[in-house]
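# Fold and geometry: a report
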Amino acid sequence: SVLLIFAYRFAYLATHTQVFKDTVYYNRMDICLILCDLYILKLVYDQFIAQYLTPCLMQNKLQLLESVFESMPQLVLQSIFVIRTYGTDLGDSSLNYIIWASVMASLLSIVTKFLRDD
């Protein structure tokens, strides 16, 4: 559903507000960036300016939520597609390697985000 795409944005917005409310780091523009899915660019830019060597806590949380709410449903849908098209002309086509590459990329994204958070 389309609401699932925005679910992690609202979850991250709640986390961001809880952590930064009533501090100098709280900015109303950040709310717009989070809802437009552009906040990750601001986080990376701020970390580049501060010359951090590793991602900050909020960037890790944002990527974890993105993995849970985007990559996991994508992996489920891709798996269903592979299962349903197995043995058909579509499943035997020469573009099948693209589907498997996408499944592996989704799985790799999920695994790396959870390993980083663990």
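Note that this is a predicted model, so its numbers are computed, not measured.

Criteria and thresholds
Residues numbered from 1 in each chain as written. Predicted model: local features only at pLDDT ≥ 70, side-chain atom pairs only at ≥ 80, totals over all residues. Heavy atoms only, no water. Phe/Tyr/Trp six-rings, centres within 6.5 Å; stacked < 30°, edge-to-face > 60°. Helix = DSSP H or I, 4+ residues; strand = E, 2+ residues; numbered from the N terminus. Buried < 20%, exposed > 50% of the residue type's maximum accessible area, 1.4 Å probe, protein only. Arc of directions from axis to C-beta. Patch = residues over 30% accessible without salt bridge, like charges linked within 9 Å, V, L, I, M, F, W, Y side chains within 5 Å. Areas by Shrake-Rupley, 256 points an atom, 1.4 Å probe, with all protein chains shown as cover. Salt bridge = Lys/Arg side-chain N within 4 Å of Asp/Glu carboxyl O. pLDDT = per-residue confidence, 0-100.

### A closer look at the packing of aromatic side chains
Under the defined criterion, the tally for this structure stands at two aromatic pairs. Pairing Tyr12 with Tyr39 gives two aromatic rings, centres 5.8 Å apart and planes at 45°, and the pair type is tilted. A residue pair is termed long-range when its members are at least 10 positions apart, and Tyr12 in helix H1 (residues 2-20) and Tyr39 in helix H3 (residues 39-49) qualify at 27 residues. Tyr39 gets classed as buried once you look at its relative accessible area, which sits at 5%. An angle of 65° between the planes, with centres 6.1 Å apart, marks the rings of Phe20 and Tyr25 as edge-to-face.

### Some details on H3
Along H3, the positions that sit buried rather than exposed are Tyr39, Leu43 and Gln47. Mapping the buried residues of H3 onto a view down its axis gives an arc of 75°, with all of them on the same face. When the buried face of H3 is taken as reference, the exposed residues oriented beyond 90 degrees from it are Leu41, Tyr45, Phe48 and Ile49. The positive-phi residue at the C-terminal boundary of H3 is Gln51, with phi of around 60°.

### Regarding a nonpolar patch on the surface
Residues Trp100, Met104, Leu107, Val111 and Leu115 make up a contiguous nonpolar surface patch of about 490 Å² in total accessible area. Position of Val111 among the secondary structure elements: in helix H5 (residues 96-117). According to the relative accessible area criterion, Val111 is partly exposed, its value standing at 40%.

### Things to note about the confidence of the model for the protein chain
On average, residues of the protein chain score 83 in pLDDT, and 94% of them are at 70 or above. No element of the protein chain has a lower mean pLDDT than H1, at 82, and none a higher one than helix H2 (residues 28-35), at 88.

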